[in-house]
Amino acid sequence: MKRIALGTLALTLALSACSGSDDAGGDAAETATSDPVAENAAEVGVGDEVVLPDGLSVTVTAMEVGGDTGGPWVSAEVVVENPTDVEGAVPTFGLVCAEGPAIGDYAAGSTIVIGDPLPAGETVTGTLNLLLPGDTRSGTQVPTCTAPAYVQAASVTTADLEATTGRVDVPAEVLAQLG
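Residues numbered from 1 in each chain as written. Predicted model: local features only at pLDDT ≥ 70, side-chain atom pairs only at ≥ 80, totals over all residues. Heavy atoms only, no water.

The name given to the protein in an unreviewed UniProt entry is DUF4352 domain-containing protein, and the organism recorded there is Nocardioides zeae.

Trainee: With reference to specific residues and values, describe the nonpolar core.
Mentor: Within soluble globular proteins, side chains that are nonpolar generally end up buried alongside one another. Counting residues in each nonpolar core, the largest one holds 32 residues, and the members touching the most others are Met-63, Val-78, Phe-93, Leu-95, Leu-130, Cys-145 and Val-170. Sorting the residues of this core by element identifies strand 4 (57–68), strand 5 (71–81), strand 7 (92–96), strand 9 (123–131), strand 10 (150–154) and helix 1 (172–178) as the ones contributing at least two each. Looking at this core, the element that brings in the most residues is strand 5, giving four residues. Those residues in contact with Met-63, other than ones at most four positions away along the chain, are Val-46, Val-74, Ser-75, Ala-76, Val-151, Val-168, Asp-169, Val-170, Pro-171 and Val-174. (Core = buried A, V, L, I, M, F, W, Y, C linked by side-chain atoms within 4.5 Å. Buried < 20%, exposed > 50% of the residue type's maximum accessible area, 1.4 Å probe, protein only. Helix = DSSP H or I, 4+ residues; strand = E, 2+ residues; numbered from the N terminus. Contact = heavy atoms within 4.5 Å.)

Trainee: Kindly report on the pattern of salt bridges, identifying the contributing residues and their values.
Mentor: Summed over all chains, the structure comprises two salt bridges. Among the ionic pairs, Arg-137 bridges to Asp-68, the shortest N-O distance being 2.4 Å. Of the two residues, Arg-137 is situated in the loop between strand 9 and strand 10 and Asp-68 in strand 4; the sequence distance between them amounts to 69 residues. For Arg-137, a relative accessible area of 22% puts it in the partly exposed group. (Salt bridge = Lys/Arg side-chain N within 4 Å of Asp/Glu carboxyl O.)

Trainee: Account for the packing of aromatic side chains, with residues named and values stated.
Mentor: Applying the stated rule across the entire model yields zero aromatic pairs. Geometry around Tyr-150 places Arg-167 over its ring, the cationic atom sitting 4.3 Å from the centre. (Phe/Tyr/Trp six-rings, centres within 6.5 Å; stacked < 30°, edge-to-face > 60°. Lys NZ or Arg CZ within 6 Å of the ring centre and 35° of its normal.)

Trainee: Could you give an account of the side chain of Thr-84, with specific residues and numbers?
Mentor: Assignment of secondary structure puts Thr-84 in the loop between strand 5 and strand 6 (88–89). At 2.5 Å, the side chain of Thr-84 and the side chain of Asn-82 are in polar contact. At a separation of 2.9 Å, a polar atom in the side chain of Thr-84 contacts the main-chain carbonyl oxygen of Val-86. Those residues in contact with Thr-84 that sit more than four places away from it in its chain are Asp-54, Gly-55, Ala-120 and Gly-121. (Polar contact = N/O pair within 3.5 Å; in protein donor to acceptor, adjacent residues only side chain to side chain.)

Right, dumping it as structure tokens:
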């Protein structure tokens, strides 16, 4: 497993990335954020660990296409570990596609809640249903997502807003299934 620390990278993301739903079992998805994404974020593959500047480690262990009557999404199996001595918060996650800088939010059925407290020494594991950027779940046409595409993870507890991002490449076979 590859491990990448982000604390020394200078990144260009201003953190207001996808806030997601306040209720992991909720019905509504939040609107996508249009802030630019970090072009020089640490890039890893599925199964590789990214260590964010606040010390949390994130591993996306699997990705597949899911969805509902509103359209498709990427279901990401995620492990977030807090090996530090202080409480952290579950990072923000969002899907970014080649079509533009928007970051998609997460949908109903996700079993991890972005921003939830993560006590020191604890781990949270679950599924995030990541909407395509621009997908409002309002019955409008579902946007496309082409390569390069990735799942972006960003710290929510660090004051250094220029060093908060890692990204996990979406496998080509997942993108092909999105159509």
